[in-house]
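# Coordinate analysis (summary)
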Amino acid sequence: MKAFFSELGRDIWDVSYTLFKLMIPVIIIVKVLEEMGAIEYISLLLGPLMGVVGLPESMGLVWATTILTNIYAGMLVFFYAQQTEMLTVAQVTVIAILLLLAHGLPVEARIAQQAGIRLRVTLLLRIGGGFLFGWIAHLIMTHFNLLQEPNQLVWEPALPEPGLWPWFVGQLESLVMIQLIIIVLLTALKILKVVGVERLMGLMLRPVLKFLGIGREATTITIVGVTLGLAFGGGLLIKEARAGHVPKKDIFASMSLLGLCHSMIEDTLLVLVLGADFFWVFWFRMLLALLIVAVLTRVVNRLPDAIWRMHLVNRHIEPLQPAANT
C-alpha cells in the first residue's frame, strides 16, 4: 500500500509539473496577444472563408476567439454575434463543429508538440480538419435541406467582469480544477490497472484501435484524450508519450485521432446549448474522425523514415523531470 501511494504521488507530481510548466506561460502569452488585438487580426483572415461553409463573416470572429482562447470565450462572442444574424440550426451546427475541432490551440497544440507531434501537423489537423468537417456537413445539410429552421438559442451567458484581476482569478480556478482532475484521474487509472480493468478495456478496444492503426500501448492516451480532452489529460498524454514504451507511430496515430475527436462529453454538451444538432457534433464528428485517421495512418506508415522524422514527429523531446526516474 505504501508503494502504491508513493508511486501515485510521483505520477501526480510529474504530470502536474509537466502540464503546468507548459500551460502557465502560454496562458500569459495568449492574454498579452489578446490585449494587443491578435483575435481581430485572425478573424480578418477567417471571415472571408466562412462563406465556404455557409456562415456569415461575423462567425470568423467567433472561431478566431475560440482558436486563440477556448470554447467558453467563443460561445460568449457567438452570443453577441448571432443577435445581428438570422442563423439556422444547420449554420449553428457548422460553427459548433469548427469550435469543437479547433479551440485553445496555443495550449493544446503545444501539448501535442511535447507529446512528439510536429506543430504543423497539429495545426493542419485541427484547423484544416475543422474546416473540412464543417464544409462536408454544410454540403450534406444544404443538399438534403436538413436543419434549415431558425435556430433558437437556449443559453444566455453572464457577462465576465472586466480587468486583469477577475481574469487572474478565473485562470487560477481553472488550474485548481485541472489539478483536482489530474489527482482523480491518476488515482482511478492506478486502481483500474491494479484490478485488471485497464487490460480489459484494452482488449475491448483492440478491434477499433487496430482499424485506426493504433497499437495497444497507446490505449490509455487515447481513452484519456477522447473522454477528457487534451487540456485536462495533457500532462498524462505527455508522460505516457515520453515514457518510451509507446512507439512513435502509435503516438502519432493516437494524437491525430485526438486532434479530430477529443473531449467528446464536455465539449459536446457545451455546443449543444448553442442550438447545435447532436448527431452532427457527436456521431458525425466521431465517424468522420475514425475514417480519416484510419486512412491517414495507412498512408504515413508507407512513407520513408526520413520524411517521417523530418515532417511528422519531433526528433528531440524534453526529458521528464528527474523525479520521474527516481
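The present account deals with the structure reproduced in this document. Please read these numbers as outputs of a predicted model, since none were measured by experiment.

### Let's talk about the overall build of the protein
When its secondary structure is counted, the protein shows 15 helices and zero strands. Long-range pairs, those at least 24 residues apart, make up 81% of the contacts in the protein with a sequence separation of at least 6. Of the roughly 16300 Å² of accessible surface on the protein, 69% is carried by carbon and sulfur atoms. The centroid of the 23 positive side-chain charges in the protein is displaced by 17 Å from the centroid of its 22 negative side-chain charges.

### Observations concerning helix H12 (residues 248-260)
Over its 13 residues, H12 extends 19 Å from the first C-alpha to the last, a length consistent with the 18 Å expected when each residue adds 1.5 Å. The buried fraction of H12 is high, at 11 of 13 residues.

### A short note on helix H8 (residues 164-195)
Here H8 is 32 residues long and its end C-alpha atoms lie 47 Å apart, about the 46 Å a rise of 1.5 Å per residue gives. Following H8 by one or two positions, Gly196 adopts a phi angle in the positive range, close to 90 degrees.

### A look at a positive patch on the surface
Together, Arg199, Arg206, Lys210 and Arg216 make up a region of like positive charge exposed at the surface. Mapped onto the elements, Arg206 comes out in helix H9 (residues 197-212).

### Some words on a nonpolar patch on the surface
The grouping of Trp165, Phe168, Leu172, Val176, Met177, Leu180 and Ile183 at the surface amounts to a nonpolar patch, some 690 Å² of accessible area in total. For Leu172, the position within the fold is in helix H8.

### Points about the packing of helix H1 (residues 2-35) against H8
Between H1 and H8, whose axes approach to 10 Å, the crossing angle comes to 150 degrees. By the angle between their directions, the pair H1 and H8 is classed as roughly antiparallel. Handedness of the H1/H8 crossing: right-handed. In terms of residue class, the contact of H1 with H8 is built from 18 nonpolar, four polar and four charged.

### Side note on the side chain of Thr297
As for its position among the elements, Thr297 is in helix H14 (residues 278-300). A polar contact of 2.9 Å, which involves the side chain of Thr297, links it to the backbone oxygen of Leu212.

### What about the environment of Ala241?
Considering the arrangement of structural elements, one finds Ala241 in helix H11 (residues 230-242). For the pair Ala241 and Phe252, spaced 11 residues apart in sequence, the C-alpha separation works out to 9.7 Å. Leave out the neighbours within four places in its chain, and Ala241 touches Ala115, Ile221 and Ile251.

### Side note on the environment of Met59
Along the polypeptide, Met59 turns up in helix H3 (residues 59-68). Aside from chain neighbours lying at most four places away, what touches Met59 is Met50, Phe78, Ala81, Leu87 and Ile95.

### Considerations on unusual backbone geometry
With a phi close to 55 degrees, Asn145 is a non-glycine residue in the positive phi region. Relative to the elements of secondary structure, Asn145 occurs in the loop between helix H7 (119-143) and H8. Of the residues examined, Asn145 reaches a relative accessible area of 58% and is grouped as exposed. Phi at Leu147 takes a positive value of approximately 55 degrees, unusual for a residue other than glycine. Summarising the element assignment, Leu147 is placed in the loop between H7 and H8.

Conventions adopted
- Residues numbered from 1 in each chain as written.
- Predicted model: local features only at pLDDT ≥ 70, side-chain atom pairs only at ≥ 80, totals over all residues.
- Heavy atoms only, no water.
- Helix = DSSP H or I, 4+ residues; strand = E, 2+ residues; numbered from the N terminus.
- Contact = heavy atoms within 4.5 Å.
- Areas by Shrake-Rupley, 256 points an atom, 1.4 Å probe, with all protein chains shown as cover.
- Lys, Arg positive; Asp, Glu negative; His and termini not counted.
- Charge placed at Lys NZ, Arg CZ, Asp CG, Glu CD.
- Expected span 1.5 Å × (residues − 1).
- Buried < 20%, exposed > 50% of the residue type's maximum accessible area, 1.4 Å probe, protein only.
- Patch = residues over 30% accessible without salt bridge, like charges linked within 9 Å, V, L, I, M, F, W, Y side chains within 5 Å.
- Salt bridge = Lys/Arg side-chain N within 4 Å of Asp/Glu carboxyl O.
- Axes fitted to C-alpha atoms, helices over the stretch in contact; angles between N-to-C directions.
- Parallel < 35°, antiparallel > 145°, perpendicular 65-115°, else oblique.
- Left-handed = near helix turned anticlockwise from the far one by under 90°.
- Nonpolar A, V, L, I, M, F, W, Y, C, P; charged D, E, K, R; others polar.
- Polar contact = N/O pair within 3.5 Å; in protein donor to acceptor, adjacent residues only side chain to side chain.

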